[in-house]
Each structure stands twice: as structure tokens, then as C-alpha cells.
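# A closer look at the structure
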Amino acid sequence: MSLPAENVRQIEPQALVTMTPMDMLARAVQSGADLDMIEKLMNLQERWEAGNARKAFEESLAKAKGEIPVITRNASGHNSKKYADFAAIAKVIDPILARHGLSYRFRTTQTDKISVTCVLFGHGHSEETTLSGPADASGSKNAIQAIGSTLTYLQRYSLVQALGLAAAEDDDGKAGAGMPTITQEQADNLRDLIEANGKNTAKFLKWAKAERIEDIRADYYESCVETIKAPVRK
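No experiment lies behind these values; they were computed from the predicted model shown.

### As for the packing of aromatic side chains
Enumeration according to the criterion identifies four aromatic pairs in this entry. Relative to F106, the ring of Y104 lies with its centre 5.8 Å away and its plane at 65°, an arrangement referred to as edge-to-face. A network of ring pairs unites the aromatic residues F86, Y104 and F106 as a single cluster. Over the ring of F121 we find R105, and its NZ or CZ is 4.8 Å from the ring centre.

### Quick look at the nonpolar core
In this structure, I89, I93, L97, Y104, L159 and L163 are the most contacted members of the largest nonpolar core, which totals 20 residues. When residues of this core are traced back to their parent elements, those giving at least two are α2 (35-67), α3 (86-99), β4 (114-122) and α4 (143-163). Sequence-distant contacts of L159, that is, excluding residues within four places in its chain, are made with F86, I89, I93, Y104, F106 and C118.

### Some remarks on the pairing of strand β3 (residues 103-110)
Side-chain direction in a regular strand flips from residue to residue, so the side chains alternate between the two faces of the sheet. The pairing of β3 with β4 spans eight bridges and is classified as antiparallel. Its bridge partner being in β4, F106 is matched across the sheet by C118. In textbook terms, the turn of a hairpin is the stretch between consecutive antiparallel strands, and for β3 and β4 this stretch comprises three residues.

### Brief notes about α3
Taking 1.5 Å as the rise per residue, α3 with 14 residues should run 20 Å; its terminal C-alpha atoms sit 20 Å apart, in good agreement. The largest bend along α3 reaches roughly 35° and is located at I93, with the proline P95 sitting one to four residues downstream. Positive backbone phi, at 75°, marks G101, one or two positions downstream of α3.

### Observations concerning the packing of helix α5 (residues 184-196) against helix α7 (residues 221-229)
Look at α5 against α7: their axes get within 9 Å of each other, and the N-to-C directions meet at 15°. In terms of orientation, α5 and α7 fall into the roughly parallel class. The handedness of the crossing between α5 and α7 is left-handed. Contacts between α5 and α7 involve Q186, N189, L190, L193 and I194 from the first element and Y221, C224, V225, I228 and K229 from the second. A per-class count over the contact of α5 with α7 returns seven nonpolar, two polar and one charged.

### Focus: the pattern of salt bridges
The final tally for this structure, using the stated rule, is five salt bridges. Where E67 meets R99, a salt bridge forms, and the shortest distance between an N and an O atom there is 2.7 Å. Placement of E67 in helix α2 and of R99 in helix α3 is noted, with a sequence separation of 32 residues between them. Judged by relative accessible area, which is 36%, E67 ranks as partly exposed. Exposure remark for R99: the relative accessible area of 54% places this residue in the exposed category. Between R107 and E128 there is a salt bridge whose closest N-O contact spans 2.9 Å.

### Focus on the confidence of the model for the protein chain
Low pLDDT means the predicted coordinates in that region are not meant to be read closely. In the predicted model, the protein chain carries a mean pLDDT of 79, and 77% of its residues have values of at least 70. Here residues 10-16 is modelled with pLDDT under 50, and outside its nearest four sequence neighbours on either side it reaches zero contacts, counting other chains as well. The low-confidence segment residues 168-178 (pLDDT under 50) makes 35 contacts with residues lying over four places distant or belonging to another chain.

### What to know about the sheet that holds strand β5 (residues 125-133)
Spatially, three strands are ordered β3-β4-β5 in an open sheet, and the strand pairing comes out antiparallel. The strands lining the two open edges of the sheet, one partner per strand, are β3 and β5. The mean angle between the axes of side-by-side strands here comes to 20°, regardless of whether they run parallel or antiparallel. On the sheet, α4 packs against β3, β4 and β5 and is oriented at approximately 35° with respect to β4.

The rules behind the values
- Residues numbered from 1 in each chain as written.
- Predicted model: local features only at pLDDT ≥ 70, side-chain atom pairs only at ≥ 80, totals over all residues.
- Heavy atoms only, no water.
- Phe/Tyr/Trp six-rings, centres within 6.5 Å; stacked < 30°, edge-to-face > 60°.
- Lys NZ or Arg CZ within 6 Å of the ring centre and 35° of its normal.
- Core = buried A, V, L, I, M, F, W, Y, C linked by side-chain atoms within 4.5 Å.
- Buried < 20%, exposed > 50% of the residue type's maximum accessible area, 1.4 Å probe, protein only.
- Helix = DSSP H or I, 4+ residues; strand = E, 2+ residues; numbered from the N terminus.
- Contact = heavy atoms within 4.5 Å.
- Pairing = 2+ DSSP bridges.
- Expected span 1.5 Å × (residues − 1).
- Bend = angle between axes of the 7 residues up to and from the residue.
- Axes fitted to C-alpha atoms, helices over the stretch in contact; angles between N-to-C directions.
- Parallel < 35°, antiparallel > 145°, perpendicular 65-115°, else oblique.
- Left-handed = near helix turned anticlockwise from the far one by under 90°.
- Nonpolar A, V, L, I, M, F, W, Y, C, P; charged D, E, K, R; others polar.
- Salt bridge = Lys/Arg side-chain N within 4 Å of Asp/Glu carboxyl O.
- pLDDT = per-residue confidence, 0-100.

Listed below in C-alpha cells is the structure:
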């Protein structure tokens, strides 16, 4: 049995109003809320703003990456391999990033190794990528040149990783793509072991896939010690 039309209440659709944490905070202050409630709402507002900043950052980064073309390899490095140096990369990506409200900077620290952190930021949000490596003392570089070579190398690769771009296939130095190498003390120990066990340094380096003992990867050290100490098969 249906009700008479005049007895049916007509419900008007209500417009949905979305309140932000700032709106709730303003109302709480107006209504005399206690300090604990106001502090919670302020924390909520900070998280809300951080979430929006991260979303805007990620959207802009995705758009920027979609516009970055293949970068011409303009320089020659180790074993004559071609690579795009930092200047070539920056020339292409800087205007694209700026167009989308993004930028980057570097932070550097040095202990037994050199560490470079690329800080990519924009829209109130930032993300960091850190790579480390030893000073590139290959060739005839002096101490300052060795540090400069590694800094340039790590800046280039940390920026490439921060942007999520395809890494270059080549090296402009021999520091390794952020791969940790053995310490100087370990290198000296390997030299002593090679001499004490009558091993051939050139053959050992070929086995270790390194041009210098200092270039040997840190995770190879124990295997290197065992190989050097192993008796020569007759």
C-alpha cells in the first residue's frame, strides 16, 4: 500500500562539503577546544599538507620524466666508452624540471669514502639519493683531482637515480657505480699476501676483475684472501 503523495517528505539532495584539517582546527578554536585537541588537529593538518605535497611532487616528476629525451653521449671515458657528462644531462633536464616546479641540489660528506646526496625537491616535498665511492686516483691525478673526479661521477649517477632514468652503460672514472671497494689497509694486506705466497699480481688482478688492487670490490675481499693463500696446483 503506497502512501499519499502529500504525506511523502521530499528530501532535497545535500551538497557534500569536504572539511580540511584547517577548517576543523578553525572551528575547534572558535568553539573553545582544549589545547590537546588543538595540537592533534595541528598535527593532522601537517600530515595532510605533507601528503598533498608528496602527491604534487610525484605527479610533477612523472610528467617531467615523460618529457626527458634520450640524452646524447658527448664524452669518452674509460676504455673509450661514450657517456653523457653532467653538463650534457643538466642542459637537457634543468629546463624540464623547472617547468614542472622541480629542482635539485647536492650535499657532500667525506670520511674514508666520498658520499654525494642528490636532493630532488619541489612543491614542498623532497627525496634523497646517496651514493659513495673512493677518490678516483687513477691515471696521473693529484689528490684534489682525484676527489673532484669522484664528486662529478657521483653527482651524475645520483641525479640519474633520483630521477629514475636509465643509467649510462659507461664510466667517466674508475670509482665504480657507487659500489664499495676495499680499504687501503685491506689493499696493503693483499699486496703482502701476494708477495708472501709468491703469486703473480697481474694474474691475480685479472682474476679479481680489477685494474688496481684498490679497485677490488669490498665484497670480494675474503675470496681474494682465500685465492691468494691457496697453494699453486702443479
